[in-house]
Amino acid sequence: MQNMQNVDQVEECLGVLRAKLGFAAETQYPVGLILGTGLGQVAGDLEQSAVAFSELPHFPVSRASSHAGFLAATRLSGVPVLVQSGRCHLFEGFSPAEICMGVRVMHGMGVHTLVVTNAAGALNPDFEVDRLFLICDQINLTGVSPLTGINHEAWGVRFPDMSQVFDCHLRTLAQKTAINLGIALERGTYVGIHGPELETPAETRLYRALGGDAIGMSSVLEVICAKHLGMRILGFSCLTNKNLPDCMVEVAIEDIIASSQRAAKDLARLLLSLLPDLADKLAKD
Ligand code: HPA
């Protein structure tokens, strides 16, 4: 039987992470941040205080060069934040449990609010490339779930409610903050696919007809996992390319990374401004 709720492995990984973080492990980390493709610089230079994925038991190590691959305990805008720089994907052959290791470890370190970031293709024809996108809802088209197998009740319920996954209050706050900072912020539904192949024109038409505004190969499983754990979730994509079914253009991974790096500055400004409110679970706008 497949079991994606790998309690023992998460505990083992947590133990090693705490030991490696030393004094830093005594702090409570209210906020977790996962940085996707091309977004490594959003949290600044963290390499010094980082624990590489490869040093942590059961933590998957990506072979994608655009993903640095470490966990770091830091302070941003005065808030203790656990940063996961880089992630693994289903298309690399990793399981949903491996992909969600970071989220479950963050939960064990006290994280109650998770920010996921990624690079995505725009499906909505009104969107512009290089802009940021606020994920308001998601469609998991990967065909798998990190909750498969025996449910670990201490993590969450067997059938988690998904009627509001991306926290409404935090989304409003993100929109207001973006306006104040003069940052354009698109919003809508993110479609998560398995990959690694990009979409054909017919698939693009289908995903748009299903209600998707942006599409990518990450974050939907992390989000399901975080929701199961009862976390508040906020999600941002960098719109790195635009997929119009009637005039598809070729997309190269180098262009996706470059676009994401261009949007990273705005994402950093937005996050640094939002962080104090993210840390306070009871803050209202
Ligand atoms: N499709 C899927 N994943 C992506 C894309 C895309 O167009 N752009 C960045 N990640």
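Look up a bit, the structure's there.
Residues numbered from 1 in each chain as written. Predicted model: local features only at pLDDT ≥ 70, side-chain atom pairs only at ≥ 80, totals over all residues. Heavy atoms only, no water.

A. Examining the site of the ligand more closely. Ala119, Ala120, Gly121, Leu198, Glu199, Ile215, Gly216, Met217, Thr240, Asn241, Asn243 and Ile256 make up every residue found near the ligand. Contact distances for the ligand include 3.2 Å between a nitrogen atom and a backbone N or O atom of Gly121. Within the side chain of Asn243, one N or O atom sits 2.9 Å away from an oxygen atom of the ligand. Protein contacts shield 94% of the accessible area of the ligand, which totals 260 Å² for the unbound molecule. Going through the elements one at a time, strand S5 (113–122), strand S8 (214–216) and strand S9 (232–242) are the ones with two or more residues in the shell around the ligand. The element contributing the most residues to the shell around the ligand is S5, with 3 residues. (Near = heavy atom within 4 Å. Polar contact = N/O pair within 3.5 Å; in protein donor to acceptor, adjacent residues only side chain to side chain. Areas by Shrake-Rupley, 256 points an atom, 1.4 Å probe, with all protein chains shown as cover. Helix = DSSP H or I, 4+ residues; strand = E, 2+ residues; numbered from the N terminus.)

B. Spatial organisation of the nonpolar core. Within the largest apolar cluster, 49 residues are counted, with the highest numbers of intra-cluster contacts made by Leu17, Val103 and Leu114. The biggest single contributor to this core is helix H6 (residues 220–228), with 6 residues. Setting aside anything within four residues of it in sequence, one finds Leu114 in contact with Gly32, Ile34, Val103, Met106, Ala226, Met231, Arg232, Ile233 and Leu234. Core analysis: the next-biggest nonpolar cluster, separate from the first, contains 35 residues, Leu35, Ala264, Leu271 and Leu275 among them. (Core = buried A, V, L, I, M, F, W, Y, C linked by side-chain atoms within 4.5 Å. Buried < 20%, exposed > 50% of the residue type's maximum accessible area, 1.4 Å probe, protein only. Contact = heavy atoms within 4.5 Å.)

C. Representation of the pattern of salt bridges in the model. Following the criterion strictly, the structure yields 8 salt bridges and no others. Of the charged contacts in the structure, one is a salt bridge between Lys20 and Glu55, with a shortest N-O distance of 3.4 Å. Remark: Glu55 occurs in the loop between strand S2 (50–52) and strand S3 (70–76) and Lys20 occurs in helix H1 (residues 7–21); sequence separation between them is 35 residues. With relative accessibility at 38%, the residue Glu55 sits in the partly exposed group. Here the salt bridges do not stand alone but share partners, grouping Glu128, Arg131 and Glu186 into one network. (Salt bridge = Lys/Arg side-chain N within 4 Å of Asp/Glu carboxyl O.)

D. Representation of the side chain of Asp213 within the structure. Checked against the element boundaries, Asp213 lands in the loop between helix H5 (201–209) and S8. Among residues more than four places away in sequence, those in contact with Asp213 are Gly121, Ala122, Leu123, Asn124, Phe127, Phe133, Arg187, Gly188, Thr189 and Arg208.

E. Structural detail: the environment of Phe53. For Phe53, the location among the structural elements is in the loop between S2 and S3. Through-space distance from the C-alpha of Phe53 to that of Pro146 is 19 Å; in sequence the pair is 93 residues apart. If we skip the residues at most four places from it in the chain, Phe53 touches Phe59, Pro60, Val61, Gly69, Phe70, Leu71, Gln84, Ser85, Gly86 and Arg87.

F. Molecular detail of the packing of helix H4 (residues 168–181) against helix H7 (residues 253–279). Interhelical geometry of H4 versus H7 gives an angle of 135 degrees and a closest axis separation of 10 Å. By the angle between their directions, the pair H4 and H7 is classed as oblique. Considering how the two elements wind past one another, H4 and H7 form a crossing that is right-handed. The residues of H7 that touch H4, namely those facing Leu170, Leu173, Ala174, Thr177, Ala178 and Leu181, are Arg269, Leu270, Ser273, Leu274, Asp277 and Leu278. (Axes fitted to C-alpha atoms, helices over the stretch in contact; angles between N-to-C directions. Parallel < 35°, antiparallel > 145°, perpendicular 65-115°, else oblique. Left-handed = near helix turned anticlockwise from the far one by under 90°.)

G. Structural view of the environment of Ser49. By the secondary structure assignment, Ser49 is in the loop between strand S1 (31–35) and S2. According to the relative accessible area criterion, Ser49 is partly exposed, its value standing at 33%. For the pair Ser49 and Ala24, spaced 25 residues apart in sequence, the C-alpha to C-alpha distance is 9.6 Å. If near-sequence neighbours (up to four positions away) are discounted, Ser49 is found in contact with Leu71, Ala72 and Ala73.

H. Examining the side chain of Arg104 more closely. For Arg104, the location among the structural elements is in helix H3 (residues 101–108). Here Arg104 is buried and forms no salt bridge, its nearest opposite-charge partner Glu11 lying at an N-O distance of 10 Å. Excluding residues that lie within four positions of it along the chain, Arg104 makes contacts with Met4, Gln5, Asn6, Val10, Ala97, Pro146, Leu147, Trp155, Cys225 and Leu229. (Lys, Arg positive; Asp, Glu negative; His and termini not counted.)

I. Looking closely at the state of the cysteines. A complete count under the given rule lists 0 disulfides for this structure. Here Cys88 is not cross-linked by a disulfide; its sulfur's nearest cysteine counterpart is in Cys100, at 11 Å. (Disulfide = S-S within 2.5 Å.)

All quantities given are derived from atomic positions and should not be read as evidence of function.
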